[in-house]
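Architecture at a glance
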There are 2 protein chains.
Amino acid sequence: MTEARLIIADSEHDADMLYVAGIFVPDAFIAVEMNSEWHGLFSPLEVDRARKDSNFDHIHLDALFRLSAENAGRSGLAAVAAAFLEERKLKKIEVPPHFPFGYAEQLKSWGFEVRASEGAFFPERAVKTELEIRHLAYAEKLTRQSMMQAENYLAACSVGSDGILRDSQSGKKVKAADVRRAIETFLIGNGAMPAHTIVACGKEGADPHNVGSGFIRAHQPIIIDIFPRVLSTGYWGDMTRTYVKGKATPEVRKLYNTVREGQDIGLSMVQAGIDGSAVHQAITTHFDRQGYPTKMIRGRQTGFFHGTGHGVGLQIHEAPRISVKSDILKAGQVVTVEPGLYYPGLGGVRIEDMVVVRGGGCDNLTNHKRRLEID
Amino acid sequence: MTEARLIIADSEHDADMLYVAGIFVPDAFIAVEMNSEWHGLFSPLEVDRARKDSNFDHIHLDALFRLSAENAGRSGLAAVAAAFLEERKLKKIEVPPHFPFGYAEQLKSWGFEVRASEGAFFPERAVKTELEIRHLAYAEKLTRQSMMQAENYLAACSVGSDGILRDSQSGKKVKAADVRRAIETFLIGNGAMPAHTIVACGKEGADPHNVGSGFIRAHQPIIIDIFPRVLSTGYWGDMTRTYVKGKATPEVRKLYNTVREGQDIGLSMVQAGIDGSAVHQAITTHFDRQGYPTKMIRGRQTGFFHGTGHGVGLQIHEAPRISVKSDILKAGQVVTVEPGLYYPGLGGVRIEDMVVVRGGGCDNLTNHKRRLEID
């Protein structure tokens with residue numbers, strides 16, 4: 001029996017569906033692959049746009065199958081998919097692992113054999129085409145430009161006698177939200193949607209998941225991590241820098257230089273055929289040797305306790321990973337290299353670039369200088 | 001045997017998880033309900049924040065269960081959940097309908113009995129608490145204020161001899177993106193994240209799913225639909241107005257007045273106990289009587305071919321619906337009332353307010369004047 005592949009999802013949040021459809025559709029719809037061709041089932045509201053702009057080989061009006069579903073006493077999107085599949089005598093279906101369990105149960109109750117793909121539904125998504133790399137390069141270019149907005153904003157600030165930065169226009173004390181506004185206003189104005197941009201100063205930066213909310217102070221590390229999605233293409237950028245307004249203390253300077261050396265080790269090792277875990281291990285070893293171990297201190301993790309990097313594409317975090325787990329990098333993958341060190345009291349430092357894995361090396365899409373101090 | 005309820009999801013995109021957790025967590029994690037208490041399993045990176053800010057009755061470090069899972073030769077989040085449930089001798093689990101099918105299959109293969117909830121996992125989410133209503137009112141207030149940015153922007157524009165608007169600062173021809181920027185810059189600066197704000201002028205507005213990209217012209221209807229999410233709470237606002245820069249034609253004026261009358265009918269009928277389909281039908285009947293039928297013209301839908309409204313909460317579209325389908329409204333629900341009429345050639349008009357359903361009526365959270373013409 002021929003097997004079909006089925007996705008039921010919107011393409012705003014579901015990267016697999018966007019990969020197939022090539023257009024953003026805000027409500028869930030149906031995509032079916034049979035004989036290596038993709039069929040899209042669309043509502044009357046979307047069908048014209050789908051015919052014009054989508055990647056599907058065949059476009060159908062879902063209302064036709066909705067009618068047969070209702071005649072069979074069934075309703076909902078799974079019923080529409082079932083009507084389409086039954087008309088083609090397809091009873092065996094592969095779905096993505098994140099396919100809704102409720103739909104799978106309905107399809108099974110109607111006699112379909114449903115199984116989730118082993119691993120990724122589109123493993124080929126991890127290796128980018130040159131067109132995808134251009135989309136990612138553009139996303140990263142906007143990201144870099146928004147980082148420069150933050151640099152300019154911080155450069156324009158003065159420092160109060162309390163050590164807190166002052167806005168050059170209003171004279172008000174600067175909080176994380178002010179720096180974030182400078183970054184995100186630029187992104188919004190240029191067709192990219194920011195997502196929880198991190199601006200974390202001092203002790204806030206010691207927790208890599210803290211997006212930051214407090215005052216921005218001189219002489220303390222400020223981690224800025226920007227990861228916007230370009231609205232027209234759906235591809236993401238991802239970039240991190242760490243700055244100090246004014247002079248960095250010797251401790252912070254040493255921390256920064258060690259992370260930068262760690263990133264250099266990563267960037268020099270990333271190439272097609274290397275195991276990501278070897279890259280991660282080399283950075284960890286360097287940190288250990290420089291006196292920055294990764295361990296629990298008073299119930300809190302310190303040191304380098306996240307992965308070195310992750311794939312970027314239609315999802316901000318996707319395959320492959322550069323971490324303790326083995327994962328052989330392939331030419332055309334786009335990954336981040338983002339070592340960091342975090343110590344309560346001292347703060348955090350992270351530096352992140354996005355690169356294309358190539359034979360014998362990698363192309364840096366971020367291509368932005370790493371400087372610690374902003375006068 | 002006691003039944004547990006299980007969610008595995010992040011709380012950025014999964015509204016059920018956010019409803020339980022009360023904090024945003026970008027990566028998928030585990031929530032289990034047993035004996036009416038919710039347990040959250042968190043990574044070392046998140047556990048401190050979860051202890052401090054989340055709604056869970058009990059917080060656990062997921063690493064402990066990850067260890068037992070690995071000892072059992074299993075990996076992944078479903079394996080961690082299984083280890084937690086097995087320690088408590090729970091083998092029967094209810095999950096949301098959108099629970100990942102791959103995880104459900106793994107749990108079944110390990111001897112768990114897994115079933116999806118009939119209907120919504122949290123039907124109570126449709127009826128808002130007074131605190132939730134305050135969050136929604138705040139979201140709608142920001143939405144209204146951003147609409148006023150658009151009004152002010154359009155008011156400041158001049159009209160070129162070609163009928164295209166000109167930016168009052170730069171003198172450049174105005175495109176949808178310029179109006180969108182005025183709206184979204186305000187939202188970003190005030191802690192709300194816009195999502196595909198619609199600014200659709202003229203023929204673009206005749207397709208309700210077209211977000212708009214072209215020039216903004218005088219004397220043609222401009223649909224502006226704004227639906228941002230407040231980042232601190234996760235609640236959404238939703239509001240639509242239709243404007244004409246300069247004078248509206250008699251045809252557009254009549255279309256506008258008919259939609260406004262339709263909205264008045266809807267707003268006067270919405271109250272606890274009424275069937276949403278009766279509200280929708282009353283508006284449709286009014287449109288028919290005024291000479292605005294809903295039908296296919298040359299393969300294209302025209303008239304009023306979407307629902308009258310939808311619930312708003314931690315999702316932008318959630319229960320209940322005000323549409324052709326029967327759905328009895330309840331006190332405390334927050335719904336939109338957004339009739340529209342669309343005719344190729346003429347363009348589209350939609351007016352949308354967000355209201356709280358109360359006994360005997362509704363409270364309008366949008367509370368913003370409806371005016372067609374902007375000088």
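If you check an unreviewed UniProt entry, chain A appears there as Xaa-Pro aminopeptidase from Mariprofundus ferrinatatus.

**Overview of the overall build of chain A**
When its secondary structure is counted, chain A shows 9 helices and 23 strands. The principal-axis extents of the C-alpha atoms in chain A amount to approximately 75 × 45 × 40 Å. Looking at the 375 residues of chain A, the share that counts as buried comes to 57%. Put simply, 62% of the contacts in chain A that link residues at least 6 apart link residues at least 24 apart. Carbon and sulfur atoms provide 50% of the accessible area of chain A, an area that totals close to 15200 Å².

**Considering the relation of the copies chain B and chain A**
Superposing chain B onto chain A takes a rotation of 180° plus a shift of 0.1 Å along the axis, which leaves an RMSD of 0.1 Å. Look at the turn and shift together and you get a two-fold axis relating the two. Minimal C-alpha separation from the rotation axis in chain B is found for F101 of chain B, amounting to 2.1 Å.

**What to know about the state of the cysteines**
Residues and elements named next belong to chain A. Inspection of the entire model under this criterion finds 0 disulfides over all chains. In this structure C201 is not part of a disulfide, and its nearest cysteine sulfur, from C157, lies 11 Å away. For C201, a relative accessible area of 6% gives the class buried.

**Considering the packing of aromatic side chains**
All names here are of chain B. Going through the model one piece at a time under the given rule, you end up with 22 aromatic pairs over all chains. Residues F29 and F56 carry aromatic rings whose centres are separated by 6.4 Å and whose planes lie at 80° to one another, so their mutual orientation is edge-to-face. With F29 in strand β2 (residues 29-34) and F56 in the loop between α2 (47-53) and β4 (58-61), this pair connects stretches of sequence that are 27 residues apart. Taken as a pair, F29 and F56 share a single burial class, namely buried. Ring geometry for F65 and F84: centres 5.2 Å apart, planes at 75°, overall edge-to-face. In this pair, F65 sits in helix α3 (residues 62-71) while F84 sits in helix α4 (residues 77-87), placing the two residues 19 residues apart along the sequence.

Rules used in this analysis
Residues numbered from 1 in each chain as written. Chains lettered and ligands numbered in written order. Predicted model: local features only at pLDDT ≥ 70, side-chain atom pairs only at ≥ 80, totals over all residues. Heavy atoms only, no water. Helix = DSSP H or I, 4+ residues; strand = E, 2+ residues; numbered from the N terminus. Buried < 20%, exposed > 50% of the residue type's maximum accessible area, 1.4 Å probe, protein only. Contact = heavy atoms within 4.5 Å. Areas by Shrake-Rupley, 256 points an atom, 1.4 Å probe, with all protein chains shown as cover. Least-squares fit on C-alpha atoms with pLDDT ≥ 70 in both. Disulfide = S-S within 2.5 Å. Phe/Tyr/Trp six-rings, centres within 6.5 Å; stacked < 30°, edge-to-face > 60°.

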